[in-house]
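One letter stands for each residue in the lines below.
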Amino acid sequence: MAVTKEQVESTLNSKLNPSHLEVIDTSGGCGASFTVAIVSERFEGKRLLERHRIVNAALVEEMKQIHALSITKAFTPDQWKQQEAQVSQPTA
């Protein structure tokens, strides 16, 4: 049985308690490829590679069926706020 976007969201929500989570099925619906953007306090004090490992470890069962997982953002809440502030600044 293929992994669904909802399964990935549910697992990440229960294991990492993110303040922001965006999961996109990039496989066209077959559940083999996902893109993830996640903001979690669990990333505090962790380097980017460690953050990716945390996400992969949370999805250990799902990864048995997922062909590709692209983690586009793995931010702490403070980093997320900073990025949102930069994006919302008007350009001259």
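Residues numbered from 1 in each chain as written. Predicted model: local features only at pLDDT ≥ 70, side-chain atom pairs only at ≥ 80, totals over all residues. Heavy atoms only, no water.

An unreviewed UniProt entry lists the protein chain under the name BolA-like protein, from Rehmannia glutinosa. Under the heading Sequence similarities (unreviewed entry), UniProt records this for the protein chain: "Belongs to the BolA/IbaG family." (UniProt positions renumbered as here; feature names shortened; annotations may be inferred.)

Chemist: Mind showing me how you'd approach the overall build of the protein chain here?
Modeler: The helix and strand tally for the protein chain stands at 4 helices and 3 strands. For the protein chain, the α and β elements follow one another from N to C terminus as α-β-β-α-α-β-α. Counting all 92 residues of the protein chain, 33% fall into the buried class. Restricting to contacts in the protein chain with at least 6 residues of sequence separation, those with at least 24 account for 57%. Of the roughly 5900 Å² of accessible surface on the protein chain, 50% is carried by carbon and sulfur atoms. Of the side-chain charges in the protein chain, 10 are positive and 11 negative, and the distance between the mean point of each set is 7 Å. (Helix = DSSP H or I, 4+ residues; strand = E, 2+ residues; numbered from the N terminus. Buried < 20%, exposed > 50% of the residue type's maximum accessible area, 1.4 Å probe, protein only. Contact = heavy atoms within 4.5 Å. Areas by Shrake-Rupley, 256 points an atom, 1.4 Å probe, with all protein chains shown as cover. Lys, Arg positive; Asp, Glu negative; His and termini not counted. Charge placed at Lys NZ, Arg CZ, Asp CG, Glu CD.)

Chemist: Please clarify how the nonpolar core should be interpreted in this entry.
Modeler: For soluble globular proteins, nonpolar side chains are generally found buried alongside one another. Grouped together as the largest cluster of nonpolar side chains are 17 residues, with contacts concentrated most on Val-8, Leu-12, Leu-16, Phe-34, Ile-38, Val-55 and Leu-69. Put simply, the parts of the chain that give this core at least two residues each are α1 (5-16), β2 (33-39), α2 (48-58) and β3 (68-75). Ignoring sequence-local partners within four residues, the contact set of Phe-34 consists of Val-3, Thr-4, Lys-5, Val-8, Val-23, Ile-24, Asp-25, Thr-26, Ile-66, Ala-68, Leu-69 and Ser-70. (Core = buried A, V, L, I, M, F, W, Y, C linked by side-chain atoms within 4.5 Å.)

Chemist: Explain the packing of aromatic side chains here, please?
Modeler: Here the distance between the centres and the angle between the planes together describe a pair of aromatic rings. By the definition in use, this model includes 1 aromatic pair. Ring geometry for Phe-75 and Trp-80: centres 6.3 Å apart, planes at 45 degrees, overall tilted. Judged by relative accessible area, which is 19%, Trp-80 ranks as buried. (Phe/Tyr/Trp six-rings, centres within 6.5 Å; stacked < 30°, edge-to-face > 60°.)

Chemist: Explain the pattern of salt bridges here, please?
Modeler: Note on pairing: side chains with opposite charge can pair once their charged atoms come close. Under the criterion given, the structure shown has 2 salt bridges. Of the charged contacts in the structure, one is a salt bridge between Lys-5 and Glu-9, with a shortest N-O distance of 3.1 Å. In this pair, Lys-5 and Glu-9 both sit in helix α1, 4 residues apart, roughly one turn of the helix. The closest approach of N and O atoms between Glu-61 and Lys-64, which form a salt bridge, is 3.1 Å. Look at Lys-64 and you get exposed, because its relative accessible area is 60%. (Salt bridge = Lys/Arg side-chain N within 4 Å of Asp/Glu carboxyl O.)

Chemist: When you look at the packing of α1 against α2 in this model, what are you seeing that I'm missing?
Modeler: When two helices pack together, you describe them by how their axes are tilted relative to each other and by the distance separating the axes. The contact between α1 and α2 brings their axes to 9 Å, and the two run at 115 degrees. Handedness of the α1/α2 crossing: right-handed. Where α1 abuts α2, its residues Thr-11, Leu-12, Lys-15 and Leu-16 lie against Ile-54, Val-55 and Ala-58. By residue class, the composition of the contact of α1 with α2 is 5 nonpolar, 1 polar and 1 charged. (Axes fitted to C-alpha atoms, helices over the stretch in contact; angles between N-to-C directions. Left-handed = near helix turned anticlockwise from the far one by under 90°. Nonpolar A, V, L, I, M, F, W, Y, C, P; charged D, E, K, R; others polar.)

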